[in-house]
Amino acid sequence: EHTGTKINYYELVRKHPVLPDLITIDKIGPCENSFDEKLPCIWIDRKCAEAVIRGANAFAPGVKGAQAGVQRGSRVNVLVDVDNRLTKGCVEVHTGQPN
């Protein structure tokens, strides 16, 4: 939980240990922030991700795609299409590697 002390945000950003073109951002606050391999993934665009980082919810216009089985109210892993390679409506797993 944030105690009011000054935070160095650069210390929260880390390179992913397996995927070289992915970064993770450590959480601040009481929310859970972990990747669960059992959950399906959705991909959001960069602008949506920037809004989410500032506290907004992810809305349908910012969602680029989802794996099969995602339904309204489902728990999901949220991934960001930083390089804008995914087409709207994609359903296949994006590895982050060049096509």
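So, here is what we can say about the structure in this document. Everything numeric in this text was worked out from a predicted model, so none of it was measured.

Regarding the environment of Ala-51
Structurally, Ala-51 can be placed in helix 1 (residues 46-53). Using a relative accessible area of 22% as the deciding quantity, one classes Ala-51 as partly exposed. Taking C-alpha positions, Ala-51 is 9.8 Å from Gly-62, a pair spaced 11 residues apart along the chain.

Structural notes on the pairing of strand 3 (residues 41-45)
Judged by how many residues are buried, strand 3 sits mostly within the fold: four of five residues are covered. Sheet topology note: the strand 3/strand 5 (residues 77-81) ladder contains five bridges and is parallel. Counted as the bridge partner of Asp-45 is Asp-81 from strand 5. Of the strand pairs in this sheet, strand 3 and strand 4 (residues 63-66) are connected by three bridges, and their pairing is antiparallel. Looking at the pairing, Ile-44 lines up with Val-63 of strand 4.

Describing unusual backbone geometry
The backbone phi angle of Asn-84 is positive, close to 55 degrees, even though this residue is not glycine. Relative to the assigned elements, Asn-84 resides in the segment after strand 5. Taking relative accessible area as the criterion, Asn-84 reaches 57% and is therefore assigned exposed.

Some remarks on the sheet that holds strand 3
Read from one edge of the open sheet, three strands run 4-3-5, paired in mixed fashion. Strands at the two margins of the open sheet, each flanked by one partner only, are strand 4 and strand 5. Here the strands of the sheet are splayed against their neighbours by 25 degrees on average, with no regard to which way each runs. Packed onto the sheet, helix 1 meets strand 3 and strand 5 and runs at close to 95 degrees relative to strand 3.

Looking at the environment of Asp-83
Here Asp-83 shows up in the segment after strand 5. Since its relative accessible area comes to 36%, Asp-83 is described here as partly exposed. Here the alpha-carbon distance between Asp-83 and Asp-45, two residues 38 residues apart in the chain, equals 9.0 Å.

Some details on the pattern of salt bridges
Inspection of every chain in the model, using the stated rule, returns three salt bridges. Note that Glu-50 and Arg-46 form a salt bridge whose closest N and O atoms lie 3.4 Å from each other. Residue Glu-50 and its partner Arg-46 are located together in helix 1, separated by four residues, close to a single helical turn. Glu-50 sits in the partly exposed class, given a relative accessible area of 36%. A salt bridge links Asp-81 to Lys-64; the shortest N-O distance between them is 2.9 Å. Here the residue Asp-81 occupies a position in strand 5, and Lys-64 occupies one in strand 4, the gap between them amounting to 17 residues.

Conventions adopted
- Residues numbered from 1 in each chain as written.
- Predicted model: local features only at pLDDT ≥ 70, side-chain atom pairs only at ≥ 80, totals over all residues.
- Heavy atoms only, no water.
- Helix = DSSP H or I, 4+ residues; strand = E, 2+ residues; numbered from the N terminus.
- Buried < 20%, exposed > 50% of the residue type's maximum accessible area, 1.4 Å probe, protein only.
- Pairing = 2+ DSSP bridges.
- Axes fitted to C-alpha atoms, helices over the stretch in contact; angles between N-to-C directions.
- Contact = heavy atoms within 4.5 Å.
- Salt bridge = Lys/Arg side-chain N within 4 Å of Asp/Glu carboxyl O.

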